[in-house]
Amino acid sequence: MEVLKETVEEEEAAEQEEAAVRAERSEKMTRPMEVRREEAPMTQEMLRDLEKKLSDIDMAIPEKPLTFTKDTIDISSLPLSYQSNTLKEEHLLQVVDNFSRQYIHLCPDRVPLFLHPPNECEVPKFVSTTIRPTLMPYPELYNWDTCAQFVSDFLSMVPLPDPLKPPPYLYSSTTVLKYQKGNCFDFSTLLCSMLLGAGYDAYCVNGYASQDMCQMDLTRDVCPLTVKHQEVVQEKEKVPPKKYAVKPPRDLTSRFEQEQETKKQKETKAEEERRLREEEAHLLDAEKAKTDPLHGLRVHSWVLVLSGKREVPESFFIDPFTARSYSTQDDHFLGIESLWNHKNYWINMQDCWNCCKDLVFDLGDPVRWEYLLLGTEKSHLSLTEEEEDGMNDDDDVEKLGEDEDKSFDMPPSWVEQIEISPEAFETRCPSGKKVIQYKRAKLEKWAPYLNSNGLVCRLTTYKDLECTETLEIKEWFQNRGDMLELRHINKSTGLNIDYFKPGHPQALRVHSYKSMQPETDRVMEFYDTARVDGLVKREETPQTMAEHYQGRSDFLTYRHVSFGDRVKKVALNSAESNSRPMVKITERFAHNPEKPAEEDVAERAFLLSEERVQLRYHCRDDHITASKREFLRRTEVDSKGNKVVMTPDVCVSFEVEPMEHTKKLLYQYETMMKLKNEEKLSRHQAWESELEVLEILKLREEEEEGHRLTISIYDTKRNKKSKEYREAMERVMHEEHLRQTEAQLDYLAPFLAQLPPNEKLTRWQAIRIKDDCLSDFQQRLIDKANLIQARFEKETQELQKKQQWYQENQVTLTAEEEDLYLSYCHQAMFRIRILEQRLNRHKELAPLKYLALEEKLYKDPRLVEFVKVFDTRPGALAKVARAGNLPHSQASVPHTPSR
Amino acid sequence: MNRLYHSTEPQVMDEEMLKQAVGEQSLRDEARQLARQEGVLFKDVLSLRLDFQNIIRIDSLWHFENLRKLQLDNNIIEKIQGLEHLVHLVWLDLSFNNIEVIEGLDTLVNLEDLSLFNNRISKIGSLDALVKLQVLSLGNNDISQMMNIIYLRQFKGLRTLSLSGNPIAEMEDYKMFVCAYLPDLVYLDFQCIDDHMKELAELRYQYSIDELKQQEHLTQVQLAKEQAQQEELEEHKAAFVEHLNGSFLFDSMYAEDTEGNKLAYLPGVKELLQAYKDKFVIICLSIFEYGLKQQEKRRVELDTFNECVQEAIQENQEQGRHRVARFEEKHSLNLNTLRDESDLTNFETKIVEYSENITELFNVLMTLEMQLVEQLEETINMFERNITDLVALFIENVQGLMAQCRDLENHHHEKLLEIAISTLEKTLKGELDEDLPEDVRALFVDKDTIVNAVGTSHDLHLLKIDNREDELVTRTNSWCSHLVDTIHKDEIMRNRRRVKEIYQYIDHMQNELDSLECSEIID
């Protein structure tokens, strides 16, 4: 193309300059063959290496066919666009071929471009048209990180058939999604399509990367999940000293000594650091694998996201295998041949001797990036301000001219719309499971609901590089009925920590334990707002139990109970009563602002074994000491044998501000009585806490065994109830439908049956059928009217007879008989009236019914074509009239007899 | 006791009766025994029952400072008296007595429940102080005026009222009226008021109540306004420049100045006076603004000082508390081991060690306190210097402005004198055509008279200005010295309290140790 020619001159100059470098590179690039030849005698060693490496990555490779060839793909069902090229595409291919030829001519030392590999149907397709920008309907796939994570999870990786060359085929994303496996080019094509759909400025990159990256070997990378977030401690801004701030007391320590001390510390620190560094370096050396003989030659494909769109502040790479983002300066990326998106294709004209570190991703710069198609959106040529100002005008003019002539639109993508079913989206990994090996760590992922205990992710951390000694295991759960979210098992200390989401029946938040046995070391933390007693935390050791509270109305914040040894006693009723004796209960209270500090107890300790109670009060704002009181509970008997209620030495107290009334025995006595009750209460509460621990442990065990999973009511597939409900609804709908069709009875069936079957109706036949049907109906109406009429007449006659009989025998009739007669008359009259009404109603409705039937017949699909043309309906009205003109009895209704 | 219940003799409240009543407080056996043994202090008593005692006069109750509940029902009391000291009283029962007038309750601001059932009261009043009143029982009395109910509108917390057995309860509209005028009432005459009733009453008396409300609102607004004004004045007073934001000083100069007022009738004096007044007021205003600004400055200064001192004290206290807590921890351990120790020599060494610990704590605490005292002294001195400087500057500037006032006055005086003399000349020549009032004309008899008149006016003015200035200066100075004094005094008090506290604590510790020693030796 002309553009290329234009650049040729520029390039020639540049080429001469870079000749030396380029030669070097070409040497490197052509090396693979030599490498093989040269190192042929060392194959044994190489093979072993390879074997080892392969065994390393064994986890990531599915057992089934290592190569993902077209034989396994059913191409018959693929749409037409997959199997052939449109005219435009043919044209594009010609353009591309032309370009390729020129390119080979101009840069003979570079590898041929990856331009139009055949697709699954062996049809060559330009790579840009293989990208199909699609915005996924899942909100989770709107951002690049989740998109990349999805792609890396969803597909399993197949290595390139030849690690030094781009693949011979490039399949459509739909096929790749269907079979859930692909090579790096498939990965990046899919990811690029999704990112473009989501509005990112994304490009597929064809380039060279490190061995680890190409083989998706993460064993030398630290697992991102193990990296601990470093807490950023925000240093408080130093408040400038106020005007009247007091001066600090004079420091009387020797400065010299201090200096010496700090010096010494520094030295030891430096020593330590040096030692650490050495160790690290040592480790690094050990970890560093033998250098890759094919370093810099391994072909890889990844995604480049340029800054600008979607508020991306800086350009970065995404490795589609691992879904990790890298800066464009990263060491793993060794060079770029070309890159493309759905609109254009760019070839890198910059030198990659220093990996990708010096590359400038300014795709509008024709010296650095040779573009294939002109006119399609010159990618942001980032000129400096002045340049832009100066060049803008003529540039525009030029552009206009160019656009008209040479712009060649990229044909639309031949790939079908990329679709991911919700099931597939949820299952994510092929068959719902994925294992990734990291440096000293193994990450396993499962689809939700795949494991019956709700396990979705497990991270195993190892002590050594060979992954034999387990250090700790982290397990993430989802949809657990007991709200367990994360379990952290530390193998070295044997400590288990369970983290719960809000909603556990006992409001558990964190539970760390070594064993599920009661009365061992454990810490339980709770969601205090969900608990009535405001318990935040309960720590247990074999001898003690400490509870922390928050937001209680009695201001209790802390209770500590120490237990003594269990008394060995003959088990009478061993089940309940043998609880550990409490030795000491200490309770702490927050200050109640309504009480004066010296009357508000801050801490009270019941020494149960010594019958001693210690009280410590709150400290007043302007004091440094707090009041104390100690009660010794002993019942004493005086010389006369009377019980001494209270003696001054029962209570030893220290008061900051002695008050008169507190010295009184009465006051002390009352306080002591109150304390007695409170002691009982505290003991009871401690006992209840013990019971609760047992209960929680029991509950936890049950939950662990049962591991019930919760299913959202919106999850109609899994939720049995809603599934049943939906099915029931469907059934009802179906039945309703059946009933409706039944209701539409076929009027014509008996008449059609008379005709010979499987013959088309003639018009004459149709009209006859219609007339027959109508006349039949008319007859029925008349019959019905006659029947009613007959009954009416019969009733009337009978009544008349009865009346006659009555008039004859009126004198001789007994009262009873007369009553009987009268009631008969009454009933007969009623019957006659009803019959009359029915008759009238029938007379009214009959013509309407007749008309309705006629209408229906006219609309009947079987007759419509014959009847419609000839729609005079002769005599229809007359017939109706006849039907309406039913025999009407003129018989006068006899009057009710009156006495 | 029997004697008390059955005698018809009127009784007088005396010590003995009160003791008896206190002793009978509902206590359990053991506690009662103790109470009898020790005796109970009247001021610790929270509730007292004195019913059916035939008491005729309330007396001798001043010891019961903390009384919360007092029952004086079923006596023959005729006058409410002797309750002034029971300011904590919440519950007062004076039912079934012979009281005729409500009185003597003005100090019982905490009263919530008052019963005056079955007395001879005819008018509700003198309850203004009882802002927390919730329950008021006035049944079986002689109240006959509906207007008494409107008086009860001021008690926002009133929920229960009983008025049955009064003449007004017989009136037909009684219930409606009460419900309408006391909408927050929940129980009337031992019955809950239903919402329907309330609505009806509201509808019925809507207009009169609205009017009442409007009036109440107006008075409230008026009150608020007055209060705001008062506050503003207070603020100005604190800045020592009250009444300087206008012509108040100028007006006061002329208020008592008869001569000056007379002279104002002279030709040209009016304009002169006006110009003088304008200038004078401008200076006054500048004094006023300057005063407010300075006041703000002083306030900020004082606030910073207080804040810093508080911070220092807090920090020091925190350290002290920390020390004490640490000591206490160790102490409890020590005591336990001491108690268990059986070997005498060991015991003694431990005792010695322990007492050393106590001394150490004492030293540490005292050092902390001394340190604080030093620090605070320095700070206080600095503050004192600064505030005195501020005040001095303020006074100086105000004096300068006042001097300007005086200059104005002098100037005005000269001008006035000129005019007066020229007028006198004119009068003498008989050229004066303006008609002056008689008493003004009387001044222009000779030169001495007129000069004297102008002179007295001038002197009076100067005196006023001087007075104002003096007042400002003395008040400012006294404020300053008072402030500094209080700060010093507070600091001394604080120091003494702390030292006392430390001594007390250490003594206690030492005592404990001693007692332990003694007991050990005895054993």
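Residues numbered from 1 in each chain as written. Chains lettered and ligands numbered in written order. Predicted model: local features only at pLDDT ≥ 70, side-chain atom pairs only at ≥ 80, totals over all residues. Heavy atoms only, no water.

1. Concerning the overall build of chain B
- Tallying secondary structure elements over chain B gives 14 helices and ten strands in all.
- Out of the 523 residues belonging to chain B, those deemed buried represent 41%.
- Long-range pairs, those at least 24 residues apart, make up 58% of the contacts in chain B with a sequence separation of at least 6.
- Surface accessibility of chain B: about 29,100 Å² in total, with carbon and sulfur atoms responsible for 52%. (Helix = DSSP H or I, 4+ residues; strand = E, 2+ residues; numbered from the N terminus. Buried < 20%, exposed > 50% of the residue type's maximum accessible area, 1.4 Å probe, protein only. Contact = heavy atoms within 4.5 Å. Areas by Shrake-Rupley, 256 points an atom, 1.4 Å probe, with all protein chains shown as cover.)

2. Things to note about the sheet that holds strand β4 (residues 299-306) of chain A
Residue and element names in this part refer to chain A.
- The seven strands lie next to each other as β6-β5-β4-β3-β7-β8-β9, forming an open sheet whose pairing is antiparallel. The sheet is open, and its two borders are formed by β6 (324-327) and β9 (369-371), each paired with just one other strand. Across the sheet, the mean angle separating the axes of adjacent strands is 35° when strand polarity is ignored.
- Two elements, strand β3 (residues 201-209) and β4, share eight bridges in a ladder whose sense is antiparallel. Following the sheet pairing, Tyr208 is matched in β4 by Val299.
- In this fold helix α9 (residues 184-197) packs onto β3, β4, β5 (316-319) and β7 (333-340), with an angle of close to 15° to the strand it touches most, β4. (Pairing = 2+ DSSP bridges. Axes fitted to C-alpha atoms, helices over the stretch in contact; angles between N-to-C directions.)

3. Considerations on unusual backbone geometry
- Of note, the phi angle at Gln180 of chain A is positive, near 55°, even though the residue is not glycine.
- Gln180 of chain A sits in the buried class, given a relative accessible area of 15%.

4. A word on the interface of chain B and chain A
- Taken together, the 43 residues of chain B in the interface contact 34 residues of chain A.
- Summed over the shared surface of chain B and chain A, the result is two salt bridges.
- There are nine residue pairs in polar contact (both at pLDDT 80 or more) connecting chain B and chain A.
- Ranked by residue count, the leading element in the side of chain B that touches chain A is helix α11 (residues 269-340) of chain B, at 13 residues.
- Per-class residue counts for the side of chain B that touches chain A are 17 nonpolar, eleven polar and 15 charged. (Salt bridge = Lys/Arg side-chain N within 4 Å of Asp/Glu carboxyl O. Polar contact = N/O pair within 3.5 Å; in protein donor to acceptor, adjacent residues only side chain to side chain. Nonpolar A, V, L, I, M, F, W, Y, C, P; charged D, E, K, R; others polar.)

5. Let's talk about the pattern of salt bridges
- Inspection of the entire model under this criterion finds 61 salt bridges over all chains.
- Glu216 of chain B is the salt-bridge partner of Arg153 of chain B, the closest N and O atoms lying 2.9 Å from each other. Pair noted here: Arg153 of chain B is in the loop between α4 (147-151) and β8 (160-162) and Glu216 of chain B is in helix α8 (residues 206-238), with a separation of 63 residues, a long-range link.
- Residue Glu216 of chain B is classed as partly exposed on the basis of its relative accessible area, which comes to 31%.
- Within this structure, Arg531, Asp533, Arg538, Glu547, Arg559, Glu587, Arg604, Glu678 and Glu692 of chain A form a network of salt bridges that share partners.

6. Describing the environment of Pro366 of chain A
Residue and element names in this part refer to chain A.
- By secondary structure assignment, the location of Pro366 is in the loop between β8 (345-348) and β9.
- The class of Pro366 is partly exposed, set by a relative accessible area of 29%.
- Residues Pro366 and Ile347, spaced 19 residues apart in sequence, show a C-alpha to C-alpha distance of 9.6 Å.

7. What to know about the sheet that holds strand β4 (residues 69-71) of chain B
All names here are of chain B.
- Here we have eight strands laid out as an open sheet, ordered β2-β4-β5-β6-β7-β8-β9-β10, and mixed in their pairing. The two strands at the open ends of the sheet, each matched to only one other strand, are β2 (47-49) and β10 (191-192).
- In this structure, strand β6 (residues 113-115) lies alongside strand β7 (residues 135-137), joined through three bridges in parallel fashion. When the bridges of β7 are listed, Ser115 appears paired with Ser137.

8. Here we look at the confidence of the model for chain A
Residues and elements named next belong to chain A.
- Chain-level statistics for chain A give a pLDDT mean of 78 and a share of 78% at 70 or above.
- This model gives residues 1-9 a pLDDT under 50, and the stretch forms 15 contacts once residues within four places in sequence are excluded.
- Contacts of residues 19-40 to residues separated by more than four positions or lying in other chains number 21 contacts, the stretch itself having pLDDT below 50. (pLDDT = per-residue confidence, 0-100.)

9. Some remarks on a negative patch on the surface
All names here are of chain B.
- Taken together, the side chains of Asp194, Asp195, Glu199, Glu202, Asp210 and Glu211 define an acidic patch exposed on the protein surface.
- Secondary structure elements with two or more residues in the negative patch: α7 (195-204) and α8.
- Here the negative patch takes three residues from α7, the largest share from any one element.
- Using a relative accessible area of 54% as the deciding quantity, one classes Glu211 as exposed. (Patch = residues over 30% accessible without salt bridge, like charges linked within 9 Å, V, L, I, M, F, W, Y side chains within 5 Å. Lys, Arg positive; Asp, Glu negative; His and termini not counted. Charge placed at Lys NZ, Arg CZ, Asp CG, Glu CD.)

10. Things to note about the UniProt feature "coiled-coil region" (unreviewed entry) in chain B
- Under the feature "coiled-coil region" (unreviewed entry), the UniProt entry names residues 366-393 of chain B.
- End-to-end, the C-alpha atoms of residues 366-393 of chain B are 40 Å apart, and along that stretch the chain is 100% helix and 0% strand. (UniProt positions renumbered as here; feature names shortened; annotations may be inferred.)

11. Section: the pairing of β8 of chain A
Residue and element names in this part refer to chain A.
- Taking every second residue as pointing to the same face, both faces of β8 are buried, with Tyr345 and Ile347 on one and Trp346 and Asn348 on the other.
- Relative to β8, β7 is paired through three bridges, and the arrangement is antiparallel. The residue of β8 that forms the bridge with Ser338 is Ile347.
- Where β7 folds back on β8, the antiparallel hairpin that results is connected by four residues.
- Pairing between β8 and β9: three bridges, direction antiparallel. Following the sheet pairing, Asn348 is matched in β9 by Trp369.

12. Some words on the environment of Ile131 of chain A
All names here are of chain A.
- Tracing the backbone shows Ile131 in the loop between α6 (127-130) and α7 (144-154).
- A relative accessible area of 1% places Ile131 in the buried class.
- Ile131 sits 209 residues away from Trp340 along the chain, and the two C-alpha atoms are 9.2 Å apart.
- If we ignore the near neighbours within four places in the chain, the residues touching Ile131 are Thr189, Cys192, Ser193, Leu196, Cys204, Trp340, Asn341, His342 and Ser413.

13. Describing α9 of chain A
Residue and element names in this part refer to chain A.
- Its 14 residues place the ends of α9 20 Å apart at the C-alpha level, agreeing with the 20 Å of an ideal helix rising 1.5 Å per residue.
- Of all 14 residues making up α9, 13 are buried, and the element is well covered by its neighbours.
- At the exit of α9 stands Gly199, carrying a positive phi of roughly 100°. (Expected span 1.5 Å × (residues − 1).)

14. Quick notes on the nonpolar core
- Grouped together as the largest cluster of nonpolar side chains are 64 residues, with contacts concentrated most on Phe126, Leu195, Val305 and Tyr345 of chain A.
- A total of nine residues in this core trace back to one element, the largest contributor, which is α9 of chain A.
- Once residues lying within four places of it in the same chain are set aside, the contact partners of Leu195 of chain A are Trp144, Cys147, Tyr200, Ala202, Val303, Val305 and Ile318 of chain A.
- Within the second largest apolar cluster, 63 residues are counted, among which are Leu89, Leu92, Tyr174 and Ala201 of chain B. (Core = buried A, V, L, I, M, F, W, Y, C linked by side-chain atoms within 4.5 Å.)

15. Considerations on the packing of helix α9 (residues 248-255) of chain B against α11 of chain B
Residues and elements named next belong to chain B.
- It is the contact of α9 with α11, at a shortest axis distance of 8 Å, that shows an interaxial angle of 135°. One element, α9, and the other, α11, form an angle in the oblique class. Residue-level contacts link Leu249, Phe250, Asp251, Met253 and Tyr254 of α9 to Leu273, Tyr276, Lys277, Phe280 and Cys284 of α11.
- Of the residues assigned to the contact of α9 with α11, the class counts are eight nonpolar, no polar and two charged. (Parallel < 35°, antiparallel > 145°, perpendicular 65-115°, else oblique.)

16. Regarding a positive patch on the surface
Residues and elements named next belong to chain A.
- There is a patch of like positive charges on the surface, built from Arg780, Lys784, Arg791, Lys794, Arg838, Arg841 and Lys849.
- Contributions of two or more residues to the positive patch are made by α18 (763-809) and α19 (815-859).
- Note on placement: Arg780 falls in helix α18.
- Note on Arg780: relative accessible area 59%, which makes it exposed.

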